[in-house]
Amino acid sequence: MSLFVTFEGSEGCGKSTQAKILWRKLVSSGIPAKLTYEPGGTPLGNRLRRILKEDGGEDLSSLSELLLFIVCRAELVDKVILPELRQGKVVICDRFADSTTAYQGYGRGLDMGMIDYMNQLATRGLKPDLTVLLDLPVVEGLERKSDSGVDRFEGEGVDFHERVRRGYLELAAREPGRWLIIDANLPKSEISRIVWGRVIGLLQQRR
Ligand code: TMP
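Owing to the predicted nature of the structure, the values given are computational and were not obtained by experimental measurement.

Conventions used here
Residues numbered from 1 in each chain as written. Predicted model: local features only at pLDDT ≥ 70, side-chain atom pairs only at ≥ 80, totals over all residues. Heavy atoms only, no water. Disulfide = S-S within 2.5 Å. Buried < 20%, exposed > 50% of the residue type's maximum accessible area, 1.4 Å probe, protein only. Helix = DSSP H or I, 4+ residues; strand = E, 2+ residues; numbered from the N terminus. Axes fitted to C-alpha atoms, helices over the stretch in contact; angles between N-to-C directions. Left-handed = near helix turned anticlockwise from the far one by under 90°. Contact = heavy atoms within 4.5 Å.

## Some details on the state of the cysteines
Here a disulfide denotes a covalent bond joining the sulfur atom of one cysteine to the sulfur atom of another.
Step number 1: The final tally for this structure, using the stated rule, is zero disulfides.
Step number 2: In this structure Cys72 is not part of a disulfide, and its nearest cysteine sulfur, from Cys93, lies 11 Å away.
Step number 3: Overall, Cys72 belongs to the buried group, its relative accessible area being 1%.

Now the structure itself:
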């Protein structure tokens, strides 16, 4: 009974916390689940993550940055996500292809046709069954992150992050059946209750 769930959102939205909570609830209910993340989740992906997250580290062009995210995804899909789904697990991924569309497409302004093609290559056409978007006003998210150091993306201006947020909302509006938009200002427990309800509903439909 495999299911592929992704978490998306701008900086400081709390998606990693919610991805972990969902994973713990599934495992403690006896439902086999795998939690992973992007960029990273494989040995090569984790090495590239350090390059991609550093601020003042590698001076990457926008195209090189895109290609590195695509390499991370191709590794993760082939070596982790597809094998775990084939074993019938619920796979939870903290960020996936929609992050590239939001950050490199809407944020950096790279060509959307090229991004869709690259995402298609890296994912082999795999799409999440459910994508949870934790939506938060940009300034609040950046404030939440400000005490944990600044990386390549957190250091971008407010305008960049506004484009990313708008991008996510546009993507969600295009495929309302796949996306679940949740106000990231709701209490943690309320957010996890809403996510749990949707995931259990999807698993029951598949029985
Ligand atoms: P985080 O997941 O730890 O928040 O950090 C990942 C950062 O990388 C975040 O700022 C979003 C960014 N990112 C992209 O720009 N494109 C992508 O495809 C992915 C997966 C992440």
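Now that the structure has been shown, the text picks up again.
## Details of unusual backbone geometry
Step number 1: The step from Glu38 to Pro39 runs through a cis peptide bond, and the omega angle for that step is -15°.
Step number 2: A positive phi angle, close to 80°, is found at Arg95, a residue other than glycine.
Step number 3: Using a relative accessible area of 13% as the deciding quantity, one classes Arg95 as buried.
Step number 4: Not every positive phi belongs to a glycine, and Arg124 is a case in point at roughly 55°.
Step number 5: With respect to the helices, strands and loops of the structure, Arg124 is situated in the loop between helix H5 (112-123) and strand S4 (130-135).
Step number 6: Assessed through its relative accessible area of 57%, Arg124 is described here as exposed.

## Looking at the packing of helix H6 (residues 138-145) against helix H7 (residues 158-174)
Step number 1: Interaxial distance between H6 and H7 falls to 9 Å at its minimum, and their mutual angle equals 115°. Here H6 runs over H7; the crossing is right-handed. Contacts from Val138, Val139 and Leu142 of H6 reach H7 at Val158, His161, Glu162 and Arg165.

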